[in-house]
Amino acid sequence: MTAFEAGAGYGGQNRGGGADVILGGGSEPLYAHADRGPASKRIIVGFGFWIFLLSDIVMFSAFFATYAVLSGETAGGPAGKDLFNLPNVAIETTFLLLSSFTCGIATIGARARQGLMYYGGMALTFVFGAGFLFIEIHEFVGMIDQGAGPTRSAFLSAFFTLVGCHGVHVTLGLLWLLTMVAQVFAKGYRADILRRVLCFGLFWHTLDIIWVAIFTVVYLLGAG
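Everything quoted here is computed from the prediction, not taken from an experiment. (Residues numbered from 1 in each chain as written. Predicted model: local features only at pLDDT ≥ 70, side-chain atom pairs only at ≥ 80, totals over all residues. Heavy atoms only, no water.)

> Residue-level account of the side chain of H166, with values.
Structurally, H166 can be placed in helix α6 (residues 154-187). Those residues in contact with H166 that sit more than four places away from it in its chain are F60, L96, F132, L207, I210, W211 and I214. (Helix = DSSP H or I, 4+ residues; strand = E, 2+ residues; numbered from the N terminus. Contact = heavy atoms within 4.5 Å.)

The following block contains the structure:
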């Protein structure tokens, strides 16, 4: 007797009209119906977006590893303690952390369909994110004016690559934010748009986590 015949005989008949597949052994076999439909779009979109976030984290991990190896390779040029302005970086960090809080408020407002919470939270997130970018660009320009551009040393190449890549992500996030505000304004709180708002929130919070690591590894340790 085959495994399928044994399984079919255990209960008297094949149930549900579809093929039953044995998943486990033991005295009572486990069945999975082959005629189940595909996963919902919400699950598929969420799973795909988590894969995207994880791939982004892997990329930043490679940049962190590169920076760790090259942080002492200054080629006789300035090091982090000569360049970093910790008070400005602290303000920059505060802006981004506050933007994460306001982004959470916006996400809650979207789920509750409260326009004031959603639009107000998104507006504050944009203001804080733009403030973060302004300080970061000002820092980059100041370093380049001092002759400490990305081509000066391996340390500076790794620094501009790591911190600059994060800045590019913040810039793209702000553009995404504007797109989500426009979509909700034009189409309302549809299910597909709410999924995009949730994905945006996950993306923005991930950028905050990465920045905390940059602030610690690059600025705090570098200035010390």
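> Report on the pattern of salt bridges, specifying residues and quantitative values.
Charged atoms that come close allow side chains of opposite charge to pair. Applying the stated rule across the entire model yields 2 salt bridges. In this structure, R196 and D192 form a salt bridge, with 3.5 Å as the shortest nitrogen-oxygen distance. Of this pair, R196 and D192 both sit in helix α7 (residues 191-223), 4 residues apart, which is roughly one turn of that helix. Of the residues examined, R196 reaches a relative accessible area of 32% and is grouped as partly exposed. (Salt bridge = Lys/Arg side-chain N within 4 Å of Asp/Glu carboxyl O. Buried < 20%, exposed > 50% of the residue type's maximum accessible area, 1.4 Å probe, protein only.)

> Would you mind going over the nonpolar core in detail, with residue names and values included?
In terms of nonpolar packing, the biggest core is built from 47 residues, with Y118, F159, W211, I214 and Y219 touching the most fellow members. Residue contributions to this core peak at 14 residues, all from α7. If near-sequence neighbours (up to four positions away) are discounted, I214 is found in contact with F64, L162, V163, H166 and Y219. (Core = buried A, V, L, I, M, F, W, Y, C linked by side-chain atoms within 4.5 Å.)

> How would you summarise the environment of I108 if you had to cite specific residues and measurements?
Residue position: I108 is located in helix α4 (residues 86-112). Since its relative accessible area comes to 52%, I108 is described here as exposed. Each C-alpha atom, one on I108 and one on Y118, is 7.4 Å from the other, the two residues being 10 residues apart in sequence.

> Could you give me a rundown of the packing of aromatic side chains, with the residues and numbers involved?
Scanning the entire structure with this criterion turns up 19 aromatic pairs. Consider the rings of F95 and F128, whose centres lie 6.0 Å apart with planes at 35°: the pair is tilted. Residue F95 is located in helix α4, and its partner F128 is located in helix α5 (residues 115-145); the two are separated by 33 residues in the primary sequence. Assessed through its relative accessible area of 26%, F95 is described here as partly exposed. Residue F128 is classed as buried on the basis of its relative accessible area, which comes to 18%. Aromatic pair F140 and F160: ring centres 4.9 Å apart, planes at 50°, arrangement tilted. Of this pair, F140 sits in helix α5 while F160 sits in helix α6, placing them 20 residues apart in sequence. The pair F140 / F160 is uniform in exposure class, with both members buried. (Phe/Tyr/Trp six-rings, centres within 6.5 Å; stacked < 30°, edge-to-face > 60°.)

> Quick one: what's the story with α4, residue by residue and with numbers?
Counted at 1.5 Å a residue, the expected span for α4 with its 27 residues is 39 Å, and the 39 Å between its end C-alpha atoms agrees. Here α4 has its buried residues at V89, E92, T93, L96, S99, S100, T102, C103, A106, T107, G109 and A110. Packed against the buried residues of α4 are α5, α6 and α7. With its phi angle positive at about 60°, R113 sits one or two positions after the end of α4. (Expected span 1.5 Å × (residues − 1).)

> Before we move on, can you summarise the packing of α5 against α7 with the specific residues and values?
It is the contact of α5 with α7, at a shortest axis distance of 14 Å, that shows an interaxial angle of 30°. By the angle between their directions, the pair α5 and α7 is classed as roughly parallel. Helix-helix and strand crossings are classified by hand; for α5 and α7 the assignment is left-handed. Contacts between α5 and α7 involve Y118, M122, T125, G129, F132, E136 and E139 from the former and V197, F200, W204, W211 and Y219 from the latter. The residue makeup of the contact of α5 with α7, split by class, is 8 nonpolar, 2 polar and 2 charged. (Axes fitted to C-alpha atoms, helices over the stretch in contact; angles between N-to-C directions. Parallel < 35°, antiparallel > 145°, perpendicular 65-115°, else oblique. Left-handed = near helix turned anticlockwise from the far one by under 90°. Nonpolar A, V, L, I, M, F, W, Y, C, P; charged D, E, K, R; others polar.)

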